[in-house]
Amino acid sequence: MKTETASLPQAAGGLLLAGLCGAVFFLAAQASGPLAAAGLFLRYDLVLLPALAAALFCLFARLPTPLGAAAVPLLTACLCGLVLAGVREGLVSDLSTLAGLYPHSDGRNYLNGALNLLHGQELNAFASRRPLSVVFWAALLRLSGLDIRMAMELMVFLCALSIGWSVRAVIRQFGWAAGWLLFCGLFCFYRRFIGAFLTEHLGLALGCFAFLLLLRSLAERRQALCCAGLLLLTLALNVRAGAFFILPALALWVGWHWRQAARFSFTAAGLAALAISLGFALNSSALHLVGQDGAGQGNFSFTLYGLVHGGDWTLVKEQHPEVLKLEEVERHKEIYKLAWDKIAAEPTSLLRGAGRAWAAFASISNGPYSYMLFSLQQSFLDRSAAAAAKASSLREKLLEHPWKYLQIAAAYASSGLLLLLAALGFLSPQHRQAKVLLLFSWLGVLASVPFVPPWDADLMRAYAATLPFMLLPAAWGSVALLAWFWGETRRGEEERASLGGRAGGLLLSAGIALLLLILPMVFRPQEQTAARPAIACPDGEPWLLSLLPGSVLPIAAETAGVKDSSLLQLTTLRSRTGVLHSLDPRRADAFQHFAPGQTLALGYEHHSSLLRYVVLSGGTASSFLPEPVCASSVYDDGMTTWWKVEPVSAE
C-alpha cells in the first residue's frame, strides 16, 4: 500500500514533466528568424553542440537530482523543436524531404499509405513493408485533422520524450558523464530524420523505451519489466527493420540472468520468447488487416542478393533489370530465388559476404557510429557553395572555410572516438550485470550485421531500434576516461521507480501494444473507390483532389523592394537543394520550373488513391475538401511528378 501511495506523486510528476516538455517543444517548433537558423545549425553541428551539452549537463549536475534529471527531457524537447523549425524555415531539400516539408522517396510512400488507410483503402506493397509505422502515422494524421505539420510535430515530440527519458535513466544509474554521451549520440542520430516521414521516428522511440525498461528490470530485479522491454524492442524492429538477432540473444540473456540456483532458466527464457512472439504477432496482425500478405520486410531480398553477389542492394537492378517490371510481391519472390540459387551453387558466397559486412562494420565510415558523418551534408546544403567548393584546391578550401573543415574533422574524429570509447567501456570493471546485458545485445547486433550490411544501412539508419544498446558501452567508456583523468565522476541518485512508479513501465508497454493492436482494426480497408468527376480535361482524366492542411507553401511574388518573410522565397528554395542535387540533379531541378506567385501543396487524389505534388496558379488554398480539378504535368524527374491543377466545376 505504501508503494502504491508513493507511486502516485511520481506518476503525477512524470505527467507534469511530459506536459512541460510538450509546451517547450511546441513553442520551439514555431520558432523563426535567428532561433530557426540556430536549429538548422544544430542539425549538422558537431563542434559546438557537444560543448554546449557538456556545459548544460555540468549545470544540471549541480542541481538536486530530481530537478537536474528533469531538465534533460526539457533540453531534448527544446533542441528537437528548434531543429524542426530550422528544417522548415530553411527549406531544406535532401534525400528525404523537399522544401523542408514535403516527403519524397520512401517518405512519400509511407505518407501515401497512411492517407490510403484514412480513406478506406489498403496499404500498397511498399507501405506494407512497415505496417505498424504507417498505421501510427495514420493515427497522428487523424488526430491532427490531416495536417502534415501537426502530425510531424506529434511524432518528433514522442521521439524527443523517449530520448530524454532514456538519458534521464542512464544519468540516474551510471552518472552524468554517461548521460551526456548518450544524449549527444542519440540526438546526433535522430536530428537527421526530424521533418521526414520515415519509420526511424517510431523505431527509435520504441527502441529507447525498450532500452529504458531493460535497464529498470536490472535495477528493480523484475522480470516482468524485462519482458515488457523485449515486447517493445520487437515492435521497434518491426517498425524499423534492423538487427533482429538481438532478440534471441536477449532471450538467452534472460534465461541466464534469472536462472537463480540453476545454470539456465528455461522458464524465464520461454517467457521472454513469448513476449517476442507477441510483438511479431502484432505486426503480422496489422499486415493481414491493412496490408498485403507477403510484402512484409520484402526489401530484404535486395540486400540478400547484393550480399552474396559482392555488391549492395542496388546490384540486382543492374544485373536483372527485368525484375523491376514485376509487381512488388512477385519481384521480391524472384529476387529471393536468384539469391538462393547463388547460395546453392556457391555456399561460400554467403560466408564471404558476411566477412565483408563485419569488416565494414569495424570501420569509421561504415561502423556503428558512422551516422556522425551525416554532418558532412552541411557542406552541400547550399547548391552554389557546393559547386564552388568543387572548383577550389584543398589549400584554398581550408583557408577560405576553416570552420567547415573543422566540422568535417570532428565528424570523422567522433565516429572513431566512439568506437574506442565503446571498447574502453566493455573493458572497464564497473556495471557487471548491465555489462552482461550489453554483451548479449552486441552479440545479437554483430550476428545481424551480414543481414543488415553497413553499405546498405545508410549511415546506420537500419540500426535505429538498437542504437541505445550500441551507445551505452561508449557512455561507460566516457565515464572511465573521465575517472582516469579527474577521479570519480558524479552520479545521479538512484531512484527505483521511474516512468511514473513501479507499474509505469508495464503500463507503457501494455498501452503501446494495445494501441498497435487496435489501430489496424480502426483503419481496416472498406473496399471503396471514389468515382471520377464528370468533367472534361484537355490533358487527361479529371481528378477528385483534396489538398492536405499544413502543406500549402505560397511562393512570394517578385515585387521590387518588397520581401514578405511569411512567404516562401524562390531563390532560397532553389539554393537549398545542394544535398539533393549532388545525388539526384533531376529531382533538384524541379524547383527551376516554379514561378513567383504560385503556390505549392500536397493533395490526395481519391480515384487513384495517390499522393500528388501540386502547383496552384496563385494565392493560397481556400478549401481542403475534395473538389474536381484538371491537372497537367509541370515537371517529371522519373520518380516525382509536379502537377499544375485548376479547379473545375462538375456538371
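Each residue is numbered by its place in its chain's sequence as written, counting from 1. The model is predicted, so local features are restricted to residues of pLDDT at least 70 and side-chain atom pairs to those at 80 or more, both for listing and for counting; the totals for chains, interfaces and linings are taken over all residues. The basis for every side-chain value is the complete set of non-hydrogen atoms in the structure, without hydrogens or water.

Visitor: Sorry if this is basic, but what is going on with the overall build of the protein chain here?
Guide: Along the protein chain, the regular secondary structure elements total 25 helices and 8 strands. Burial statistics for the protein chain: of 651 residues in total, 56% are counted as buried. Any pair of residues with heavy atoms lying within 4.5 Å of one another is described as a contacting pair. Contacts spanning at least 24 positions in sequence make up 76% of the contacts within the protein chain whose residues lie at least 6 apart. For accessible areas, the Shrake-Rupley method is used with a probe of radius 1.4 Å. Any residue's cover is judged against the shown protein chains and nothing else. Accessible area for the protein chain stands at about 26500 Å²; split by element, carbon and sulfur atoms hold 63% of it. Counting from the N terminus, the helices are DSSP H or I runs at least four residues long and the strands are E runs at least two residues long. Only protein chains enter the accessibility calculation, which uses a 1.4 Å probe; a residue whose area is less than 20% of its type maximum is buried, one above 50% is exposed, and one in between is partly exposed.

Visitor: Explanation requested: the pattern of salt bridges in the structure shown.
Guide: Note that side chains of opposite charge can pair when their charged atoms are close. Salt bridges are identified by distance alone: a Lys or Arg side-chain nitrogen within 4 Å of an Asp or Glu carboxyl oxygen. Within the structure shown, the criterion is met by 14 salt bridges. Linking Arg 222 and Glu 220 is a salt bridge whose minimum nitrogen-to-oxygen distance equals 3.6 Å. Relative accessible area serves as the criterion here: at 21%, Arg 222 is assigned to the partly exposed category. Several salt bridges share partner residues, and in doing so they unite Arg 192, Glu 200, Arg 240, Asp 458 and Arg 461 into one network.

Visitor: Help me understand the packing of aromatic side chains, please; the structure alone is not making it clear to me.
Guide: Working definition: a ring pair exists when centres of Phe, Tyr or Trp rings (six-membered ring for Trp) sit within 6.5 Å. Plane angles under 30 degrees give stacked, over 60 give edge-to-face, the rest tilted. The final tally for this structure, using the stated rule, is 28 aromatic pairs. With 5.2 Å between their ring centres and 55 degrees between their planes, Phe 189 and Phe 193 make a pair best called tilted. Accessibility assignment for this pair places Phe 189 and Phe 193 in one class, buried. Relative to Trp 258, the ring of Trp 253 lies with its centre 5.7 Å away and its plane at 80 degrees, an arrangement referred to as edge-to-face. The same class applies to Trp 253 and to Trp 258, which are both buried. Each residue in the set Phe 57, Phe 60, Trp 176, Phe 183 and Phe 187 is aromatic and connected to the rest through ring pairs, giving one cluster. Distance and angle both matter: a charge sits over a ring if NZ of Lys or CZ of Arg is within 6 Å of the ring centre and within 35 degrees of the ring normal. Against the face of Trp 455 rests Arg 356, its NZ or CZ located 4.0 Å from the ring centre.

Visitor: Help me out: how do you make sense of helix α16 (residues 348–361) in this one?
Guide: An α-helical turn contains 3.6 residues, so a residue and the one three or four places further along point in the same direction. Multiply 1.5 Å by the residue count of a helix minus one, and that product is the helix's expected span. Under the 1.5 Å per step criterion, the end-to-end length of α16 is 20 Å for 14 residues, consistent within 8% with the ideal 20 Å. Those residues of α16 that sit buried are Ser 349, Gly 353, Ala 354, Ala 357, Ala 360 and Phe 361. End-on view of α16: buried residues confined to an arc of 135 degrees, all on one side of the axis. Opposite its buried face, α16 presents the exposed residues Leu 351 and Ala 359, each directed more than 90 degrees away. Read the arc as the range of directions from the helix axis to the C-beta atoms.

Visitor: What am I meant to see in the state of the cysteines here?
Guide: Two cysteines form a disulfide when their sulfur atoms are joined by a covalent bond. In what follows, a disulfide is any cysteine sulfur pair within 2.5 Å. By the definition in use, this model includes 1 disulfide. One disulfide in the model links Cys 537 with Cys 630; its S-S distance is 1.9 Å. Its S-S torsion of about -80 degrees marks the bond between Cys 537 and Cys 630 as left-handed, since a negative value means left-handed. Taken together, the residues span a long stretch of sequence, with Cys 537 in the loop between α22 (504–522) and β3 (543–547) and Cys 630 in strand β7 (residues 627–636) at a distance of 93 residues. When sorted by exposure, Cys 537 lands in the same class as Cys 630, which is buried. Distance from the sulfur of Cys 80, which forms no disulfide, to the nearest cysteine sulfur (Cys 159) is 7.1 Å. For Cys 80, a relative accessible area of 0% gives the class buried. In this structure Cys 159 is not part of a disulfide, and its nearest cysteine sulfur, from Cys 208, lies 6.3 Å away.

Visitor: Would you mind going over the packing of helix α3 (residues 48–61) against helix α4 (residues 65–89) with me for this structure?
Guide: If you want to describe how two helices pack, look at the angle between their axes and the distance between the axes. Here the axes come from fitting lines to C-alpha atoms, over the contacting stretch only for helices, and the angles between their N-to-C directions go from 0 to 180 degrees. Packing of α3 against α4 brings their axes to within 9 Å, and their N-to-C directions diverge by 150 degrees. Of the possible angle classes, the one that applies to α3 and α4 is roughly antiparallel. Of the two possible hands of crossing, α3 and α4 adopt the one that is right-handed. Counted together, Leu 49, Leu 56, Phe 57 and Phe 60 of α3 and Gly 68, Ala 71, Val 72, Leu 75 and Leu 79 of α4 form the full contact between these two elements. Angles are sorted into four bins: roughly parallel if under 35 degrees, roughly antiparallel if over 145, roughly perpendicular if 65 to 115, and oblique for all others. With the far helix as reference, a near helix turned anticlockwise by less than a right angle produces a left-handed crossing, and one turned clockwise produces a right-handed crossing.

Visitor: Can you walk me through a nonpolar patch on the surface in this structure?
Guide: Judged by side-chain polarity, Leu 514, Leu 517, Ile 518, Met 521 and Val 522 come together as a nonpolar surface patch covering roughly 430 Å² of accessible area. With respect to the secondary-structure elements, Val 522 resides in helix α22. Each patch is built from residues that are more than 30% exposed by relative accessible area and take part in no salt bridge. Like charges join if they lie within 9 Å; nonpolar side chains (Val, Leu, Ile, Met, Phe, Trp, Tyr) join within 5 Å.

Visitor: Quick question: what am I supposed to make of the nonpolar core here?
Guide: Side chains that are nonpolar tend, in soluble globular proteins, to be buried together. By size, the foremost hydrophobic cluster in this structure holds 182 residues, and its most contacted members are Tyr 102, Trp 253 and Tyr 463. The dominant element in this core, judged by the number of residues it contributes, is helix α7 (residues 148–174), at 16 residues. Residues belong to a common nonpolar core when they are buried Ala, Val, Leu, Ile, Met, Phe, Trp, Tyr or Cys residues joined through side-chain atoms within 4.5 Å.

Visitor: Looking at this structure, I do not really get unusual backbone geometry. What am I missing?
Guide: A negative phi angle is the norm for most residues apart from glycine, just as the trans form is the norm for most peptide bonds. In the Ramachandran plot, Asp 458 falls in the positive-phi region, its phi being about 55 degrees despite a non-glycine side chain. Along the chain, Asp 458 falls in the loop between α20 (432–448) and α21 (467–486). One non-glycine residue, Leu 459, lies in the positive phi region at around 55 degrees. Within the element layout of this structure, Leu 459 appears in the loop between α20 and α21. Residue classification places Leu 459 among the partly exposed positions, given a relative accessible area of 22%.

Visitor: Help me understand the side chain of Ser 478 in this model?
Guide: For Ser 478, the location among the structural elements is in helix α21. Ser 478 sits in the buried class, given a relative accessible area of 6%. In contact with Ser 478, other than residues within four places in its own chain, are Ala 177, Ala 178, Leu 181 and Leu 421.

Visitor: Just checking my understanding: could you explain α4 for this structure?
Guide: Its 25 residues place the ends of α4 37 Å apart at the C-alpha level, agreeing with the 36 Å of an ideal helix rising 1.5 Å per residue. With 20 of 25 residues buried, α4 lies mostly within the body of the structure.

Visitor: In this structure, what is going on with the packing of α3 against helix α8 (residues 176–190)? I would like to understand it.
Guide: As a packed pair, α3 and α8 sit with axes 10 Å apart at the nearest point and diverge in direction by 145 degrees. As α3 packs across α8, the resulting crossing turns out to be right-handed. For the pair formed by α3 and α8, the contact residues are Leu 49, Pro 50, Ala 53, Ala 54, Phe 57, Phe 60 and Ala 61 on the first element and Trp 176, Gly 179, Trp 180, Phe 183, Cys 184, Phe 187 and Cys 188 on the second. Note on residue categories: nonpolar means Ala, Val, Leu, Ile, Met, Phe, Trp, Tyr, Cys or Pro, charged means Asp, Glu, Lys or Arg, and polar means any other residue, Gly included. A class-by-class count of the residues in the contact of α3 with α8 yields 13 nonpolar, 1 polar and no charged.

Visitor: In this structure, what is going on with the pairing of strand β8 (residues 641–647)? I would like to understand it.
Guide: Regular strands place side chains that alternate from one sheet face to the opposite one. Two strands pair when backbone bridges link them, and strand β6 (residues 610–616) and β8 are joined in this way by 4 bridges, in the parallel orientation. Its bridge partner lying in β8, Leu 616 is registered against Val 645. Two successive antiparallel strands, β7 and β8, enclose a turn made up of 4 residues, where Gly 638 displays a positive phi of approximately 100 degrees. DSSP-based pairing: two strands are paired if at least 2 bridges between them are found.

Visitor: Help me out: how do you make sense of the environment of Leu 517 in this one?
Guide: Assignment of secondary structure puts Leu 517 in helix α22. With residues near it in sequence (within four places) discarded, Leu 517 still touches Leu 282 and Ser 285.

Visitor: Even after reading the chapter, I still don't get the side chain of His 104, so can you show me in this structure?
Guide: Note on placement: His 104 falls in the loop between β2 (102–103) and α5 (106–118). By relative accessible area, His 104 is classed as buried at 1%. A polar contact of 2.7 Å, which involves the side chain of His 104, links it to the backbone oxygen of Asp 94. Excluding residues that lie within four positions of it along the chain, His 104 makes contacts with Asp 94, Leu 95, Ser 96, Thr 97, Leu 98, Leu 580, Arg 587, Tyr 613 and Thr 640. Polar contact is the term for a pair of N or O atoms within 3.5 Å; when the atoms are in protein, one must be able to donate a hydrogen and the other to accept it, and sequence-neighboring residues count only if both atoms are side-chain atoms.

Visitor: Sorry, what's going on with the pairing of β7 here?
Guide: Two strands pair when backbone bridges link them, and β3 and β7 are joined in this way by 3 bridges, in the antiparallel orientation. Pairing of Leu 544 across the sheet is with Pro 628, part of β7. Across 7 bridges, the pairing between β7 and β8 is antiparallel. Counterpart to Asp 636 in the pairing with β8 is Thr 641.

Remember that the coordinates give geometry; whether it matters functionally is a separate question.
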